[in-house]
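What the coordinates show
Given next are the chains, with one letter for each unit.
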Amino acid sequence: MMSKSRINRYLPIAYEAVKNSELIKDNKLQGNYQAQIASFGAAVSMGSLLSAIAFFSDKGSSDVKRQELMKLICYIIKKDKKEYQEIKKYDLFECVQNNKIVKQEVLDAAIAIKLTLNLFEEDPSKNKTPKNEGND
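Residues numbered from 1 in each chain as written. Predicted model: local features only at pLDDT ≥ 70, side-chain atom pairs only at ≥ 80, totals over all residues. Heavy atoms only, no water.

What follows covers the nonpolar core. Counting 36 residues, the largest nonpolar core has F40, I73, L92, V106 and I113 as the members making the most contacts within it. Going through the elements one at a time, helix 1 (4-19), helix 2 (33-46), helix 3 (49-56), helix 4 (67-80), helix 5 (92-97) and helix 6 (103-117) are the ones with two or more residues in this core. Residues contacting F40, with those up to four places away along its chain left out, are A52, I53, F56, M70, I73, V106 and A110. (Core = buried A, V, L, I, M, F, W, Y, C linked by side-chain atoms within 4.5 Å. Buried < 20%, exposed > 50% of the residue type's maximum accessible area, 1.4 Å probe, protein only. Helix = DSSP H or I, 4+ residues; strand = E, 2+ residues; numbered from the N terminus. Contact = heavy atoms within 4.5 Å.)

Here it is, written out as structure tokens:
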């Protein structure tokens, strides 16, 4: 079950992390990360946490570096709790596999990122979907 208090704690961490990440340049979102984080949440909810993390840890055929989202999720969770400070790398797969981070923490961090992304305008030059193509 979603933890509103945890998401509220994650939001300021997510904002700082996203703002200083590769996702943002000149205060503009560099691609359609909203769709990626939404599909990650669905993949986790409908399937396995580890398989979703493994899939999203690779760029694959995606237009955006979705592995950056996995790094952000791990960063947010680590930054929130003192006992996670010992985790040296931002390797979400390893943290989950070793039962250091649980599914709901990952989903709550993903929700915090999704909400944070709404605060940034998408860079129109990074939008790959042509608008009104053939609808003139």
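Counted under the stated rule, the structure contains three aromatic pairs. For the pair Y15 and F120, a centre-to-centre distance of 5.7 Å together with 15° between the ring planes defines the contact as stacked. In this pair, Y15 is assigned in helix 1 and F120 in the loop between helix 6 and strand 3 (121-122), connecting sequence segments 105 residues apart. What makes F120 buried here is its relative accessible area of 6%. Considering the side-chain rings of F55 and F56, the 5.3 Å spacing of their centres and the 80° angle between planes classify their relative orientation as edge-to-face. With relative accessibility at 49%, the residue F55 sits in the partly exposed group. (Phe/Tyr/Trp six-rings, centres within 6.5 Å; stacked < 30°, edge-to-face > 60°.)

Time to look at the environment of S39. Here S39 is to be found in helix 2. For the pair formed by S39 and F56, sequence separation is 17 residues and the distance between their alpha carbons is 9.6 Å. A polar contact of 3.0 Å, which involves the side chain of S39, links it to the backbone oxygen of Q36. (Polar contact = N/O pair within 3.5 Å; in protein donor to acceptor, adjacent residues only side chain to side chain.)

Along the polypeptide, D108 turns up in helix 6. Its relative accessible area of 0% is what places D108 among the buried residues. A polar contact is formed between the side chain of D108 and the backbone nitrogen of S3, at a distance of 3.4 Å. Reaching out from D108, the side chain makes a polar contact with the side chain of R6 at a distance of 2.7 Å. If we ignore the near neighbours within four places in the chain, the residues touching D108 are M2, S3, R6, I7 and Y10.

On to the sheet that holds strand 2 (residues 28-29), then. The three strands are arranged 1-2-3 in an open sheet whose pairing can be described as mixed. Each of the sheet's edge strands pairs with one partner strand only, and the pair in question is strand 1 (24-25) and strand 3. Taken together, the two bridges between strand 1 and strand 2 define a ladder with antiparallel strand orientation. Bridge pairing links I24 to L29 in strand 2. (Pairing = 2+ DSSP bridges.)

One pass over the structure, following the stated rule, counts four salt bridges. Ionic pairing is found between R6 and D108, a salt bridge with its closest N-O pair at 2.7 Å. With R6 in helix 1 and D108 in helix 6, this pair connects stretches of sequence that are 102 residues apart. For R6, a relative accessible area of 17% corresponds to the buried category. For the salt bridge of K71 with E68, the shortest nitrogen-to-oxygen distance reads 3.3 Å. Taken together, the residues K71 and E68, both in helix 4 and three residues apart, mark about one turn of the helix. On the basis of relative accessible area, K71 is assigned to the partly exposed category, the value being 42%. (Salt bridge = Lys/Arg side-chain N within 4 Å of Asp/Glu carboxyl O.)

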